[in-house]
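Chain by chain, the residues:
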Amino acid sequence: MTRKNAQPIKPPGKMGLHQRTRLILSSRILERLSTAVALVSLLVMAGDTQSVADAAEIRGGFSRVGKDSPLRHQNAVLTALSDGRVLATGGVGFPSAESLAPAIFDPASESWTLTGNLVTDRNGHTATLLADGRVLIAGGTNVTGPLDLAEVYNPVTGTWRSTGQMRGQRWGHTATLLPDGAVLVTGGRNWQGQVLASAEIFDPATGKWSSAAPITPAREHHTATLLKDGNVLVAGGGSDEAARTAEVFVSASGRWAAAGELTTARYLHSAIALPDGRVMLAGGFGPGGARATVEVFDPVKRTFSPLGTMLKARTDKPGLVLLEAGKVLVAGGLVFGLSTVPGATRSAEVFDTSTGSSVLTGEMYSPRSLFQAVKLRSGKVLLPGGTSSAAELYDPSATIRATGPVRNLKAYEVGISKVIVVWDRPTDDGGSPAATYQLTVKPDGLTYEVPDDQRTGQVAYPVSVPGPGASIGVSALNVAGRGPEISGEPGASGERAVEQVPEAALEVEPPPHSSDLARTFMAKLLR
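Residues numbered from 1 in each chain as written. Predicted model: local features only at pLDDT ≥ 70, side-chain atom pairs only at ≥ 80, totals over all residues. Heavy atoms only, no water.

## Quick word on the overall build of the protein chain
Rules: Secondary structure elements are taken from DSSP: a helix is a run of H or I of four residues or more, a strand is a run of E of two residues or more, and numbering for both begins at the N terminus. A simple rule labels every residue: compare its accessible area, found with a 1.4 Å probe on the protein chains alone, to the largest value its type can have, and call it buried under 20%, exposed over 50%, or partly exposed in between. When checking whether two residues touch, look at their non-hydrogen atoms; a contact exists if any pair is within 4.5 Å. Accessible surface area values rest on a Shrake-Rupley calculation with a 1.4 Å probe, where residue burial reflects the displayed protein chains alone.
Within the protein chain, the secondary structure is distributed over five helices and 47 strands. The buried share of the protein chain, taken over its 527 residues, is 53%. Across the protein chain, the fraction of contacts at a sequence separation of at least 24, relative to all contacts at a separation of at least 6, is 56%. Accessible surface, the protein chain as shown: approximately 22400 Å² in total, 53% of it carbon and sulfur.

Written out as structure tokens, the structure is:
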């Protein structure tokens, strides 16, 4: 059982291993260990490897890009510009809540450049590319509350200018470019906390807003998708009635028409127009929890029908990007594990709309939710923001392999039958980071699944061993399978080996000597 005061190590600044281990070892721990251990034995693991045959080849992988990305915030809004660059605006700083300056990603140099400052800081807004290449920023919220302010960005001059005041304050709304160049804004929430049924239209020629026919019912965190016929599908939203219904804005008349009921009530979902004119809706939240279901809207019949199921239930707007041949990249979002505690995920999959099924693809290096993904002209996909400052690129043509071996594997005996195993992550991750490590105690064959939640620094894990003569093997697992195992026999011993053991690992009791219980024990990771 993990002790309440056991926490991952976060030493101040940079320091060497010797300094670090001396810093984190308290006299209290040494006193505790001295009563239980007379001599600390060091197990030196040999470098022999054992190949594993259960690896598979996975298509599509992620890579880090733009290390100087300023986008360490959630809810940043991405807009693909006319020249192929991508504009990122607004959002909430992570882990702090400061608003960050807008930036542009250049696919040619794979770098970010700051581009002025918004007239008004905001989050939960919309950013719509206009027909003339400018970008309309509308609504949102900041420390003062929901906004009725709008502004326009000119990518040629890199300048921001205020434009007409909206008809009402709103955030969590949608904005859609209509065939005539106007922008339709629907729903959201106002400063009083009311979910809105109102809609309005922005005229780029005059810079003014006018009221449009309201939606029914009021909606927030819904989706709005432009159809091939120039109409707009509005679906789902954060109320019981909104979550299970949809409607279509008829551009020619400016009126709304009913579009039937969704097969699964949902909000905080994502939607994307398919090449055949249909609209795919995936993920989201509703009665019963997060959604793994996918459904499709037929604009001719104006009906919804089930399309399939994703590999994971995802909410908080998972990233959807159309790849090719009716395949859709589904990445990130909020997922619920066995413990029902939600968390942003690194996982991604490719959903095939022709078969209604998903296949694994590479895993992101950083967990992300409440973010956007944009397809670049090269066919790659940009995924910035969320809970990480490091943006990533997804390459659908990349091949993912099993990882290489872990490095510098060592184990330290710190008690009767208690061993702390420490290792460095593989240099070769096979194109997709290790999600877990498989640790095997021999000759018993007990297997521990060690999740890799940080992806940086060393990994440390406590285990119980049957006695003298035991050996330990460790291999890394990514989406393609299990890499080669590093293992070895006990070697030299030394009193001061304990100085190399992280305090967090010393403070953790190993799992009971049972493979069933051991599989549920969480790893302690060092930064």
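## Here we look at the sheet that holds strand β31 (residues 327-331)
Heads up, the condition is: Here, strands pair whenever DSSP counts at least two bridges between them. Axis lines are fitted to C-alpha atoms, over the contacting stretch for helices. Their N-to-C directions set the angle, which ranges from 0 to 180 degrees.
Reading across the sheet, the four strands line up as β30-β31-β34-β35 and stay open at both edges, with antiparallel pairing between neighbours. Only two strands of the sheet have a single neighbouring strand rather than two, namely β30 (319-322) and β35 (357-360). Neighbour-to-neighbour, the strand axes of this sheet turn through a mean angle of 25°, independent of strand direction. Here β31 pairs with strand β34 (residues 348-352) via five bridges, running antiparallel. Bridge pairing links V330 to E349 in β34.

## A few points about the packing of aromatic side chains
As a reminder of what qualifies: Each aromatic pair joins two rings of Phe, Tyr and Trp (for Trp, the six-membered one) with centres within 6.5 Å, and gets the label stacked for planes under 30 degrees apart, edge-to-face for over 60, and tilted for any other angle.
Scanning the model with the defined rule gives nine aromatic pairs in all. Ring geometry for F105 versus W112: centroids 5.2 Å apart, planes at 55°, classification tilted. Their ring planes at 65° and their centres at 5.4 Å tell us that W423 and Y437 sit as a pair that is edge-to-face. Residue W423 is located in strand β40 (residues 418-424), and its partner Y437 is located in strand β41 (residues 436-442); the two are separated by 14 residues in the primary sequence.

## Here we look at the pairing of strand β6 (residues 86-89)
Regular strands place side chains that alternate from one sheet face to the opposite one. Here β6 shows a buried face lined by V86 and A88 and a second buried face lined by L87 and T89. Relative to β6, strand β5 (residues 77-80) is paired through four bridges, and the arrangement is antiparallel. The partner of A80 across the bridge, within β6, is V86. Hairpin connection of β5 to β6: five residues between the antiparallel strands, including G84 at a positive phi of 95°. Relative to strand β8 (residues 103-106), β6 runs antiparallel, the two sharing three bridges. Bridged to L87 within β8 is I104.

## Regarding the environment of R302
Within the secondary structure, R302 is located in the loop between β28 (293-298) and β29 (303-309). For R302, the contacting residues outside a window of four places in its chain are N231, V248, V250, A257, A258, A259, G260 and F297.

## What about the confidence of the model for the protein chain?
Note the cut-off: Note on scores: pLDDT gives the predictor's confidence for each residue, bounded by 0 and 100.
With 75% of its residues at a pLDDT of at least 70, the protein chain reaches an overall mean of 80. Contacts of residues 1-55 to residues separated by more than four positions or lying in other chains number 114 contacts, the stretch itself having pLDDT below 50. Throughout residues 504-527 the model reports pLDDT below 50, and contacts reaching past four residues in sequence, or to other chains, amount to 90 contacts.

## Quick look at the pattern of salt bridges
Where we set the bar: The salt bridge definition used is simple: a Lys or Arg side-chain nitrogen within 4 Å of an Asp or Glu carboxyl oxygen.
In the structure shown here, the tally under the stated rule is 13 salt bridges. When the shortest N-O distance is used, the salt bridge between E200 and R170 registers 2.9 Å. Taken together, the residues span a long stretch of sequence, with E200 in strand β18 (residues 199-203) and R170 in the loop between β15 (159-162) and β16 (174-177) at a distance of 30 residues. Assessed through its relative accessible area of 2%, R170 is described here as buried. Here R189 and E220 are joined by a salt bridge, their closest N and O atoms 2.5 Å apart. Of this pair, R189 sits in the loop between β17 (183-186) and β18 while E220 is found in the loop between β19 (208-212) and β20 (223-226), placing the two residues 31 residues apart along the sequence. Take E220: its relative accessible area is 5%, and that puts it in the buried class.

## Digging into the sheet that holds β16
As summarised here, the arrangement of the four strands in space is β16-β17-β18-β19, forming an open sheet in which the pairing is antiparallel. At either end of the open sheet lies a strand with only one pairing partner, and these are β16 and β19. Along the sheet, successive strands turn relative to each other by an average axial angle of 25°, direction set aside. Pairing geometry for β16 and β17, over four bridges, is antiparallel. If you follow A175 over to β17, its bridge partner there is V185.

## Here we look at the nonpolar core
Note that soluble globular proteins tend to have their nonpolar side chains buried in a common cluster. Keep this limit in mind: For this analysis, a nonpolar core means a set of buried residues of the types Ala, Val, Leu, Ile, Met, Phe, Trp, Tyr and Cys, connected via side-chain atoms within 4.5 Å.
With 22 residues, the main nonpolar core has V421, W423, Y437, L439, V463, I472 and V474 as its most contacted residues. Contributing elements (two or more residues each) for this core: β39 (407-415), β40, β41, β42 (446-451), β43 (458-464) and β44 (471-478).

## Overview of the environment of R482
For R482, the position within the fold is in strand β45 (residues 481-482). Sequence-wise, R482 and G404 are 78 residues apart; in three dimensions their C-alpha atoms are separated by 9.1 Å.

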